[in-house]
Every structure is written in structure tokens, then in C-alpha cells.
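Tertiary structure, described
Read off the chains here:
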Amino acid sequence: MTQPVAVLVGTMGAGKTTVGRLLADELGVGFLDSDHAVEEHAGKAVQDIFVDDGEAAFRALEREAVAAALAGHDGVLALGGGAVLDAGTRALLADHRVVFLRVGLSDAVKRVGLGAGRPLLLGNVRSRVKQLLDERTPVYEGLATISVDTDDRSPQDVVAEVAERLREAR
């Protein structure tokens, strides 16, 4: 059975896409971002799906994309920050190596900037990011087989730790 070597989870600003691409290069495997898979399937950007079709429609597309990737992608998979909110997706992750990239509020806010292109950040970015961290961190922690702090660290440093911990977990 084909399955990802690692599934990266975490809130926006954790570095899932940046770290994921670098980790895939380090491990010599492919990289897939579930948000990009959704965009490819829908033929439009995530923010357009939210605006045109609503969050529920996006979550349904996301659930399908994640299920397909978990069953057929053998590289590094980065999930959108909210993908783990779906009970079906959480259940599918049970048999996978899930890496939680932990980020604190100040680093997350710095990394996402003003939230351009992030539909869940409309309004006060800092308070919205804090709310998302508070809501989602326990879910990420519950799913993770590996947790790595990303605050005040370069993506390369985070990749080195994740790669080492994956090797140890084999």
C-alpha cells in the first residue's frame, strides 16, 4: 500500500508548505499540498471556493483530496490547517506518520502577514490566528506521532529535526 512518508499538520504560518518541500527534497520523494490538490480539482483558488461556494463546499473537496493523497501519495503531504477538523480525515490519519509543526502566536502572525489569500483571516489577523491556535492545537497534538517546534528556527533546521525523527521512528 502506498502512503506518505510524512503528513505535516499545523496551523497557518507553521511552515507546512515550506518545510514540506524541503523535507521532500531531503528524503528524495515528492511533495503534495492538499490545498493545491483542491485547487487543481476545483479549477479555482481556495479563497475563491470559500467566497463562491462556502466553507462547507471547500471542506468536502478537502476531505476527498486528503483521502486520495493518503491512499496514493508516497512522498511528503502537507495538509491545510483546517483539514484535521473533519472527523473522517482524523480517522484516516490514524495509521500515518503525522508531524505537527508547532508555531506560537507571534511567529504565526509574522509569517502570515496580513492574511492575503487566507479566507479565515478576515478581520483582526492576530486575534483570529490566536483563536485558530487555541482551537486546533489540541487536535494537532492528538494526531501527531512527532511534534516539532518551529518558533525562531530556520526551515532547514526544522527539516533536519523532522528528518532525523522520521528515521528514528522507522
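With 25 residues, the main nonpolar core has Leu8, Leu23, Val99, Leu101, Val129, Val162 and Leu166 as its most contacted residues. Secondary-structure elements contributing two or more residues to this core are β1 (6–9), α1 (16–27), β4 (98–102), α6 (105–112), α7 (125–143), β5 (146–149) and α8 (155–169). It is α8 that contributes the most residues to this core, 5 residues altogether. With 14 residues, the next largest nonpolar core counts Val9, Val66, Ala83 and Leu143 among its residues.

The subject of this paragraph is the sheet that holds strand β2 (residues 31–33). The 5 strands lie next to each other as β2-β3-β1-β4-β5, forming an open sheet whose pairing is parallel. Looking at the sheet topology across the chains shown, the edges are occupied by β2 and β5. Strand-to-strand twist in this sheet, taken as the mean axis angle between neighbours without regard to direction, amounts to 20 degrees. Of the pairings in the sheet, the one linking β1 to β4 comprises 3 bridges and is parallel in character. Each bridged residue has a counterpart across the sheet, and for Leu8 the counterpart in β4 is Val99.

Turning our attention to the packing of aromatic side chains. With the rule as written, the count across this model stands at 2 aromatic pairs. Their ring planes at 35 degrees and their centres at 5.0 Å tell us that Phe50 and Phe58 sit as a pair that is tilted. Both residues of the pair, Phe50 and Phe58, count as buried.

Looking now at the packing of helix α3 (residues 46–53) against helix α4 (residues 55–72). The axes of two packed helices give the description: the angle between them and the distance between them. It is at 7 Å that the axes of α3 and α4 come closest, and there the two elements cross at 135 degrees. The orientation of α3 with respect to α4, classified from their angle, is oblique. Taken together, the residues of α4 that come into contact with α3 (itself represented by Val46, Ile49, Phe50 and Asp53) are Glu55, Ala57, Phe58, Arg59 and Leu61. Its residues assigned to classes, the contact of α3 with α4 shows 6 nonpolar, no polar and 3 charged.

About the thresholds
- Residues numbered from 1 in each chain as written.
- Predicted model: local features only at pLDDT ≥ 70, side-chain atom pairs only at ≥ 80, totals over all residues.
- Heavy atoms only, no water.
- Core = buried A, V, L, I, M, F, W, Y, C linked by side-chain atoms within 4.5 Å.
- Buried < 20%, exposed > 50% of the residue type's maximum accessible area, 1.4 Å probe, protein only.
- Helix = DSSP H or I, 4+ residues; strand = E, 2+ residues; numbered from the N terminus.
- Pairing = 2+ DSSP bridges.
- Axes fitted to C-alpha atoms, helices over the stretch in contact; angles between N-to-C directions.
- Phe/Tyr/Trp six-rings, centres within 6.5 Å; stacked < 30°, edge-to-face > 60°.
- Parallel < 35°, antiparallel > 145°, perpendicular 65-115°, else oblique.
- Contact = heavy atoms within 4.5 Å.
- Nonpolar A, V, L, I, M, F, W, Y, C, P; charged D, E, K, R; others polar.

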